[in-house]
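# Residue-level structural notes
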Amino acid sequence: MSSDCLPATTESIAQALEAPSRPESISILYRVLNNPNSSPDALRIKEQAITNLTDLLTQEKKAEELRLLLTQLRPFFSLIPKAKTAKIVRSIIDAVAKIPDTSTLQISLCREMVEWTRLEKRTFLRQRVEARLAALLMEEKEYSEALSLLSSLIKEVRRLDDKLLLVDIDLLESKLHFSLRNLPKAKASLTAARTAANAIYVPPAQQGTIDLQSGILHAEEKDYKTAYSYFFEAFEAFNALEDPRAVFSLKYMLLCKIMVNQADDVTGIISSKAGLNYLGPDLDAMKAVADAYAKRSLKFFETALRDYKAQLEDDPIVHRHLSSLYDTLLEQNLCRLIEPYSRVEINHVANMIELPVEHVEKKLSQMILDKKFAGTLDQGAGCLIIFEDPKPDEMFPATLETISNMGKVVDSLYVRSARIMA
């Protein structure tokens, strides 16, 4: 950072923007910030210089310099209103987040800002930075620390009745509990977020986030029709804002269609006007899964999982539901193949279904234990023996019905005798 300074004027800003290279622009803007002038006009120019400098450092991917900038601006923050300070701090933290592989730096930066805001008693800013810190900790799977931070933050924000921040925190807590597989608490936190959101105006992006989380929780409960409607609402909100989360909402919509046995609708949704804007690997992956499901082909299903690993396997929400779908499809295919036989070689079944013998044998043993069909595995001979379904004995239902009727008669006689004796 240069030791000299430039006057805080619009000409200096123009000079920085017209510089032939980014490093020169950055140097000029630093010199503008070094100017000791603290008049209202100078402060306004410096705010503009900070905005331009943040953008340039982000383009240069200089995350550490952004961190140092935030530390160097602390004396300047004492000269401007607290609301403007909060806006600048959050914009610089957002800028660091745009640079890849900076999660650890973001967490460290948020911790520093929390300490500074505590010393400066800037409660409004501290609460928002703590909420950001909790989100970063959740992404890094530091769940216990994130939950502890959110619990204390929720109590504080509820006392202050800051509903807009409360919606963010409740929504974040819902995501955290969902990551911990605690669905009742995830639903409770989402309900709290909706309650707070109903009392205020919620920005479309935040409403879309609420709908997206609602869809995820309903899908987890196998209520795919309701989940689809929530994903559709989220998609419309994100699509209008050109938010990158729109493609995830659309992907989950297609997932719901597949899970309710409407895989034929997937092609229509993708080829719609809105769907064509998001053509890419995510939609291609869901189309491949839909085609495999429509053909009841495990081979095509496994090919899709292998070819689109990043879009299917690495997405925990899609992966969880597709694992269930794969198991169901595998069981249906195995039951269909072994139905004509009373004794069949496992190797023959594996060849027909085009899967490894070990995989098929393991699944058949699991199905026997789950009582999906009656049979046993003869591993010595490498055969599956299927038992005939035992014919139900008609005497037992009739006997149970007779005993039930006798019980009703005895109860009726007891009530009558009680009335006579009274």
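Overview of the structure. Since we're looking at a predicted model, the values are computed, not measured.

## Topic: the overall build of the protein
Helix and strand counts for the protein stand at 23 helices and 3 strands. Over its C-alpha atoms the protein spans a radius of gyration of 31 Å, topping by over 25% the 22 Å that the globule rule assigns to 422 residues. Projected onto its principal axes, the C-alpha coordinates of the protein cover approximately 100 × 75 × 45 Å. Excluding contacts between residues fewer than 6 apart, the proportion of contacts in the protein whose partners are at least 24 apart in sequence is 59%. Between the centroid of the 53 positive side chains of the protein and the centroid of its 59 negative side chains there is a distance of 5 Å.

## Quick notes on the state of the cysteines
Evaluated as defined, the whole model comprises 0 disulfides. Counting only cysteine sulfurs, C383 is the nearest neighbor of C335, a cysteine outside any disulfide, at a range of 18 Å. For C383, a relative accessible area of 8% gives the class buried.

## Details of the side chain of S12
Here S12 is to be found in helix α1 (residues 10–17). In this structure, S12 is in contact with L6, P7, I28 and V32, ignoring residues within four places of it in sequence.

## Focus on the packing of helix α12 (residues 204–220) against helix α13 (residues 224–241)
The contact between α12 and α13 brings their axes to 8 Å, and the two run at 155°. When the axis of α12 is compared with that of α13, the two are roughly antiparallel. Between α12 and α13 the crossing geometry is left-handed. Note on element contacts: α13 touches α12 through Y224, T226, A227, Y230, F231, E233, A234, A237, F238 and L241, opposite P204, A205, G208, T209, D211, L212, S214, G215, I216, H218 and A219. Its residues assigned to classes, the contact of α12 with α13 comprises 13 nonpolar, 6 polar and 2 charged.

## Quick notes on helix α21 (residues 346–353)
Three or more residues of α21 are buried, namely I346, V349, A350 and I353. The arc that holds every buried residue of α21, seen down its axis, measures 100°, which confines them to one face. Those residues of α21 that are buried are in contact with α18 (298–307), α20 (316–338), β1 (343–345), α22 (357–369), β2 (375–378) and β3 (383–386).

## Considerations on the pairing of β2
Of the two faces of β2, the one holding G375 and L377 is buried and the one holding T376 and D378 is not buried anywhere. Where β2 folds back onto β3 in an antiparallel hairpin, the turn is made up of 4 residues, including G382, whose phi is positive at roughly 70°.

## Observations regarding the pairing of β3
Note that β1 and β3 share 3 bridges and pair antiparallel. Bridged to E345 within β3 is C383. Strand direction decides the pairing type here: β2 and β3, joined by 4 bridges, are antiparallel. Residue pairing in the sheet places D378 in a bridge with C383 of β3.

## Observations regarding the sheet that holds β1
Here we have 3 strands laid out as an open sheet, ordered β1-β3-β2, and antiparallel in their pairing. Unpaired on one side and paired on the other, β1 and β2 mark the two borders of the sheet. Shown here is a sheet whose adjacent strand axes are inclined to one another by a mean of 20°, direction ignored. Its contacts with the sheet put α22 on β2 and β3, and the angle it makes with β2 is roughly 145°.

## Quick word on the environment of S249
Among the structural elements, S249 can be located in helix α14 (residues 246–259). Counting along the chain gives 34 residues from S249 to G215, while the straight-line C-alpha distance between them is 9.0 Å. Residue contacts for S249: discarding those within four places in its chain leaves L212, F231, A234, F235 and F238.

## Quick word on the layout of surface pockets
Counted as a void, the largest pocket has a volume near 1800 Å³. A135, E139, L172, K175 and R245 are, among the 41 residues lining the largest pocket, the residues nearest its centre. When residues of the lining of the largest pocket are traced back to their parent elements, those giving at least two are α6 (82–97), α8 (123–139), α10 (163–179), α12, α14 and α20. Residue contributions to the lining of the largest pocket peak at 9 residues, all from α10. As a volume, the second largest pocket reaches approximately 310 Å³. At the level of secondary structure, the elements contributing two or more residues to the lining of the second largest pocket comprise α3 (40–59) and α6. Looking at the lining of the second largest pocket residue by residue, the classes come out as 3 nonpolar, 4 polar and 6 charged.

## Structural notes on the pattern of salt bridges
One pass over the structure, following the stated rule, counts 27 salt bridges. Measuring nitrogen to oxygen at the nearest pair gives 3.3 Å for the salt bridge that ties E331 to K363. Taken together, the residues span a long stretch of sequence, with E331 in helix α20 and K363 in helix α22 at a distance of 32 residues. You can call E331 buried: its relative accessible area is 16%. Each of R118, R126, E130 and E156 takes part in a single network of salt bridges with overlapping partners.

What counts, and at which threshold
Residues numbered from 1 in each chain as written. Predicted model: local features only at pLDDT ≥ 70, side-chain atom pairs only at ≥ 80, totals over all residues. Heavy atoms only, no water. Helix = DSSP H or I, 4+ residues; strand = E, 2+ residues; numbered from the N terminus. Rg over C-alpha atoms; globule rule 2.2 N^0.38 Å. Contact = heavy atoms within 4.5 Å. Lys, Arg positive; Asp, Glu negative; His and termini not counted. Charge placed at Lys NZ, Arg CZ, Asp CG, Glu CD. Disulfide = S-S within 2.5 Å. Buried < 20%, exposed > 50% of the residue type's maximum accessible area, 1.4 Å probe, protein only. Axes fitted to C-alpha atoms, helices over the stretch in contact; angles between N-to-C directions. Parallel < 35°, antiparallel > 145°, perpendicular 65-115°, else oblique. Left-handed = near helix turned anticlockwise from the far one by under 90°. Nonpolar A, V, L, I, M, F, W, Y, C, P; charged D, E, K, R; others polar. Arc of directions from axis to C-beta. Pairing = 2+ DSSP bridges. 1 Å grid on protein atoms, 1.4 Å probe; cavity = no way out; pocket = protein on both sides within 12 Å on 5 of 7 lines; lining within 4 Å. Points joined across faces, edges and corners; volume = space filled by probe spheres on them. Salt bridge = Lys/Arg side-chain N within 4 Å of Asp/Glu carboxyl O.

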